[in-house]
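# Observations on the three-dimensional arrangement
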Amino acid sequence: MSALDVKDLSVSHGAITAVKKLSFSIEQGQLAAIIGSNGAGKTTLLRALSGLIPSSHGTATWNGKSLLGEKPEDLVRAGIVHVSEGKSVIPELNVKENLALGGIWRKDKKDVAVATEEVLELFPRLRERLQQSADTLSGGERQMLAIGRALIARPQLLLLDEPSLGLAPLIIEQIFEAINQLRHRLNLTVLLVEQNAMSALKIADVGIIINVGSLVTSGPSKELLADANLRAAYLGY
Amino acid sequence: MIIIDTLLIGLSSGAIYALMALALVLVWRSTRVVNFAQAGQAILSTYLGYEVMNRTHSYWISIPFAIVGGAAIAAFIDAVILRSLAKRSHKGSVSEIAPVIATLGLLGLIRSLTGMIWGNAYVQYISPLSGKGYMIGKHTIPFSPQNLIIVIGALLVMGIFATIFKFTNLGLALRAASFQPEISRLAGIRVDRIRTIGWAFAGAAGAVAGALVTPTTYLSPNSLDLLLVSGFVAAVIGGLDSLIGAVLGGLLLGVGFAFILQYIGASVTFSAAFIILIVVLFVRPRGILGSKVGRRDA
Ligand SMILES: Nc1ncnc2c1ncn2[C@@H]1O[C@H](COP(=O)(O)OP(=O)(O)OP(=O)(O)O)[C@@H](O)[C@H]1O
Ligand SMILES: [Mg+2]
């Protein structure tokens, strides 16, 4: 049994079926990159897995337990943390408050403090800006804040929706490097949604390529990177 | 002396507007709903306090009952009525206006309900504090011990809620849930529950307003209606999402009214409320302390 098991999953927005009978699985501690172009259904998939929207068909389990039909606030408590698309921070709050949100439901306040300290060591730029309103941060800093907040929840499964969106190449490198270090250090299982196929597949163990809601192919990311046909058709480089 | 007297009259009526404005702001902050039912809720909680006072013969014991009652009524409205409404009309512009219209309907409903239970006659809800103004030398100022408790009450309610919002996890959750409900849920906040708590806080503030102001006048099913209008204007002056702004707005409005009453006449005070409202909306639509971002995603 895999850690994350998605079978025949379909998700619709009214008449549009954005995810169609999608199946894939990920092992504990793996980083899977979900690659697809605009409108492929990547965001829809993550939103269904984190409980924000209902699915219409199929199953999704995390360590044997069904994710579907659970509320996001309960899934967070079960270790499934979703960093949504577009720098998921609360601009009306300052950096410190945004980070505090990550551990707001946790009972173990000592470990929240430890986790917060770890995040500030990982992203020192956040430490310099603790009192600063989140809407004054740069795009990269916001993404660090969003990921930092997720880490303070002590996730087991991290769902990341296009962390590279709108960032300069150098910052993307830094963010991906941080993600890669973290998941090894914390033994995280990560579902990384990206259009930025090259950077994502470089750090991923497996790649899952989707197109208009359906699976194109999946496999070890090295093989996908080496496949000339795929590169031309879906990876865009 | 007339100027100072007028100022004092304005201060105590302004403190009541401030309490009502606080109630409206608390609901607005937590659910982005303008709560017209607030006047009805405050009346209902005040009648509750009145009943307790009739049995215990203590004004001071009746106040906490009114407050808890007010909180419970508000929590009920949000958790039972508005939440099921939201489930039915979850998309589109209707979903934004439906709860506001529902609160308007609730106002009528609560008012006829209180009329049925308590009748429409004026009753007295009496405070042990004197309603007579303090003496300074030979001059009696228009500011009584009851007025003092009203001003203290308004500042206390503001202080308590401002502290909760700024310094506690509950306050953080309340702010986060009102600004970005979806991100808040992803951070593990039970947004529905938090919103209901925001409503309960508002209901409590409204109950304080009713229980403190009523001894200076009388109690009837619609005796707080004008307060709703003034409270709303005060809230808008204060920026609709700022607690301190609500109190400043209330005090400014109270003082403004007092001066109009003194120097122009009673006939214009009510229309003055609307003129002030419109002027504020034109000149400074986000109020004196309203936040830019708060308005933008409203
Ligand atoms: N709330 C919605 N209502 C209706 N249709 C939607 C909604 N959200 C997404 N869709 C549609 O579902 C499809 C998949 O969208 P989705 O956002 O999942 O794509 P994506 O792969 O995340 O794209 P991108 O890379 O641009 O973020 C698109 O055709 C989109 O128009
Ligand atoms: Mg997307």
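Remember, it's a predicted structure, so these values are computed and weren't measured experimentally.

We now examine the overall build of chain A. Looking only at helices and strands, chain A features 10 helices and 10 strands. Each of the three principal axes of chain A carries a C-alpha extent, and together these read 45 × 40 × 35 Å. A total of 237 residues make up chain A; the buried ones form 56% of that total. Considering only contacts within chain A whose residues lie at least 6 apart along the sequence, 67% involve residues at least 24 apart. When the accessible surface of chain A is totalled, it reaches about 9800 Å², and 51% of it is carbon and sulfur. Both charge centroids of chain A, one from 25 positive and one from 25 negative side chains, sit 2 Å from each other.

On to the site of ligand 1. Residues and elements named next belong to chain A. The immediate surroundings of ligand 1 are formed by 14 residues, with N38, K42, T43, T44 and E85 found nearest. About the coverage of ligand 1: the protein hides 62% of its 630 Å² of free accessible area. Broken down by secondary-structure element, the contributors of at least two residues to the shell around ligand 1 are β2 (16-26) and α1 (42-49). Among the elements that make up the shell around ligand 1, the one with the highest residue count is α1 (three residues). Taken together, the residues of the shell around ligand 1 sort by class into three nonpolar, eight polar and three charged.

To continue, consider the interface of chain A and chain B. Contacts between the two partners involve 25 residues from chain A, matched on the other side by 19 residues from chain B. Across the chain A to chain B interface the summed buried area is about 2000 Å²; carbon plus sulfur atoms make up 60%. Applying the counting rule to chain A against chain B returns four salt bridges. Among the ionic pairs, A:R47 bridges to B:E182, the shortest N-O distance being 2.7 Å.

The next thing to look at is unusual backbone geometry. The backbone phi angle of A:D8 is positive, close to 55 degrees, even though this residue is not glycine. Mapping A:D8 onto the fold places it in strand β1 (residues 4-13).

Let us look at the packing of aromatic side chains. One pass over the full model with this rule turns up eight aromatic pairs over all chains. Of the aromatic side chains, those joined through ring pairs into one cluster are B:Y47, B:Y50 and B:W118.

Rules behind the numbers
- Residues numbered from 1 in each chain as written.
- Chains lettered and ligands numbered in written order.
- Predicted model: local features only at pLDDT ≥ 70, side-chain atom pairs only at ≥ 80, totals over all residues.
- Heavy atoms only, no water.
- Helix = DSSP H or I, 4+ residues; strand = E, 2+ residues; numbered from the N terminus.
- Buried < 20%, exposed > 50% of the residue type's maximum accessible area, 1.4 Å probe, protein only.
- Contact = heavy atoms within 4.5 Å.
- Areas by Shrake-Rupley, 256 points an atom, 1.4 Å probe, with all protein chains shown as cover.
- Lys, Arg positive; Asp, Glu negative; His and termini not counted.
- Charge placed at Lys NZ, Arg CZ, Asp CG, Glu CD.
- Near = heavy atom within 4 Å.
- Nonpolar A, V, L, I, M, F, W, Y, C, P; charged D, E, K, R; others polar.
- Buried area = accessible area lost by both parts, 1.4 Å probe.
- Salt bridge = Lys/Arg side-chain N within 4 Å of Asp/Glu carboxyl O.
- Phe/Tyr/Trp six-rings, centres within 6.5 Å; stacked < 30°, edge-to-face > 60°.

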